[in-house]
Amino acid sequence: MVSLVLSQTLEICKDVAGIAGNIFAFGLFLSPIPTFRRVIRNQSTEQFSGLPYYSNIYGLLNYLICAWYGTPLISPDNLLVTTVNSVGAVFQLAYIVLFVMSIEKEKKFRMLGWILTVFGLFSIIVIGSLLILDLQIRRIIIGSLSCASLISMFASPLFIINLVIRTRSVEFMPFYLSLSTFLMSASFFLYQMA
């Protein structure tokens, strides 16, 4: 009886942590909207660097891989992982398309090439993983790929810390973005632990 109650409690905690992670992630997905409103209003990327949008292309690949990991074909019982990463992929793609529509012609082709590369790599990952018949091995391989992708994506902003230290200003490290990232990461860590 005690083990049944403990099991149900852990399942509830897992669901709560997953839902909280989805909510915090949605906040992260919405954070670039003010920048894109300005880009759309001015019909120009102005002085905004394209570098973060190349990171969005990598983020798109990351979200696609993580969404694939959460599907029943790879990892049963991870619907929250699939939903949040699918929504993230849609937001990333929308931001990339908006950015591509506002840049010079020669940069458009380069960005479109990167987008096609992402979808090509993702197709290779999906097809390759489906060729692995052992579900446990498939889950380990895609899970490891997903984990490596997540670590590199969330570790890359740490390079901003060097700029913060040099300039002695947190201007380049927005507080709410940092807080949302921390809360989302903590929620999904708890989701995984339960």
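Residues numbered from 1 in each chain as written. Predicted model: local features only at pLDDT ≥ 70, side-chain atom pairs only at ≥ 80, totals over all residues. Heavy atoms only, no water.

Caption draft 1: Region of the structure containing the packing of aromatic side chains. Tallied over the full model, the rule gives four aromatic pairs. Relative to tyrosine 63, the ring of phenylalanine 29 has its centre 5.5 Å away and its plane inclined at 90 degrees; by these criteria the two rings are edge-to-face. Of this pair, phenylalanine 29 sits in helix H1 (residues 2-30) while tyrosine 63 is found in helix H3 (residues 51-70), placing the two residues 34 residues apart along the sequence. Across the pair, exposure class does not vary: phenylalanine 29 and tyrosine 63 are buried alike. Measuring from ring centre to ring centre gives 5.7 Å for phenylalanine 29 and phenylalanine 91, while their planes differ by 25 degrees; the resulting arrangement is stacked. Here the residue phenylalanine 29 occupies a position in helix H1, and phenylalanine 91 occupies one in helix H4 (residues 79-101), the gap between them amounting to 62 residues. Of the two residues examined, phenylalanine 29 and phenylalanine 91, each falls in the buried class. (Phe/Tyr/Trp six-rings, centres within 6.5 Å; stacked < 30°, edge-to-face > 60°. Helix = DSSP H or I, 4+ residues; strand = E, 2+ residues; numbered from the N terminus. Buried < 20%, exposed > 50% of the residue type's maximum accessible area, 1.4 Å probe, protein only.)

Caption draft 2: Region of the structure containing H1. With 29 residues, H1 should cover 42 Å at 1.5 Å per step; its first-to-last C-alpha distance of 42 Å lies within 8% of that length. Among the residues of H1, Lys14, Ala17, Gly18, Gly21, Asn22, Ala25, Leu28 and Phe29 are the ones counted as buried. (Expected span 1.5 Å × (residues − 1).)

Caption draft 3: Examining the nonpolar core more closely. Counting residues in each nonpolar core, the largest one holds 35 residues, and the members touching the most others are Trp68, Ile96, Met111 and Phe122. Elements with a minimum of two residues in this core: H1, H3, H4, helix H5 (105-130), helix H6 (135-155) and helix H8 (175-193). If one sorts the elements of this core by residue count, H4 sits on top with nine residues. (Core = buried A, V, L, I, M, F, W, Y, C linked by side-chain atoms within 4.5 Å.)

Caption draft 4: Structural detail: the layout of surface pockets. In this structure, the second largest pocket encloses a volume near 810 Å³. Along its surface, the second largest pocket is lined by 27 residues, and Val81, Ser146, Leu150, Phe188 and Gln192 are the ones closest to its centre. Elements with a minimum of two residues in the lining of the second largest pocket: H1, H3, H4, H6 and H8. Take the lining of the second largest pocket: its biggest share by element is seven residues, from H6. Across the lining of the second largest pocket, the residue classes tally to 17 nonpolar, seven polar and three charged. (1 Å grid on protein atoms, 1.4 Å probe; cavity = no way out; pocket = protein on both sides within 12 Å on 5 of 7 lines; lining within 4 Å. Points joined across faces, edges and corners; volume = space filled by probe spheres on them. Nonpolar A, V, L, I, M, F, W, Y, C, P; charged D, E, K, R; others polar.)

Caption draft 5: Molecular detail of the packing of H1 against H4. As a packed pair, H1 and H4 sit with axes 10 Å apart at the nearest point and diverge in direction by 5 degrees. In terms of orientation, H1 lies roughly parallel with respect to H4. Between H1, through Asp15, Gly18, Ile19, Asn22, Ala25, Phe26, Phe29 and Leu30, and H4, the contact on the second element is made entirely by Leu80, Thr83, Val84, Val87, Gly88, Phe91 and Tyr95. Residues that form the contact of H1 with H4 fall into these classes: ten nonpolar, four polar and one charged. (Axes fitted to C-alpha atoms, helices over the stretch in contact; angles between N-to-C directions. Parallel < 35°, antiparallel > 145°, perpendicular 65-115°, else oblique. Contact = heavy atoms within 4.5 Å.)

Caption draft 6: Seen up close, a nonpolar patch on the surface. Residues Phe26, Leu30, Ile33 and Val87 make up a contiguous nonpolar surface patch of roughly 280 Å² in combined accessible area. One can find valine 87 in helix H4. Using a relative accessible area of 34% as the deciding quantity, one classes valine 87 as partly exposed. (Patch = residues over 30% accessible without salt bridge, like charges linked within 9 Å, V, L, I, M, F, W, Y side chains within 5 Å. Areas by Shrake-Rupley, 256 points an atom, 1.4 Å probe, with all protein chains shown as cover. Salt bridge = Lys/Arg side-chain N within 4 Å of Asp/Glu carboxyl O.)

Caption draft 7: Highlighting the state of the cysteines. Evaluation of the coordinates by the stated rule reveals zero disulfides. Take cysteine 66: it sits in no disulfide, and the sulfur closest to it among the cysteines is that of cysteine 147, at 9.0 Å. (Disulfide = S-S within 2.5 Å.)

Caption draft 8: Main features of the side chain of serine 149. Relative to the assigned elements, serine 149 resides in helix H6. In this structure serine 149 comes out as buried when scored by relative accessible area, which is 6%. Residues within four places of serine 149 in sequence aside, it is in contact with Tyr58 and Asn62.

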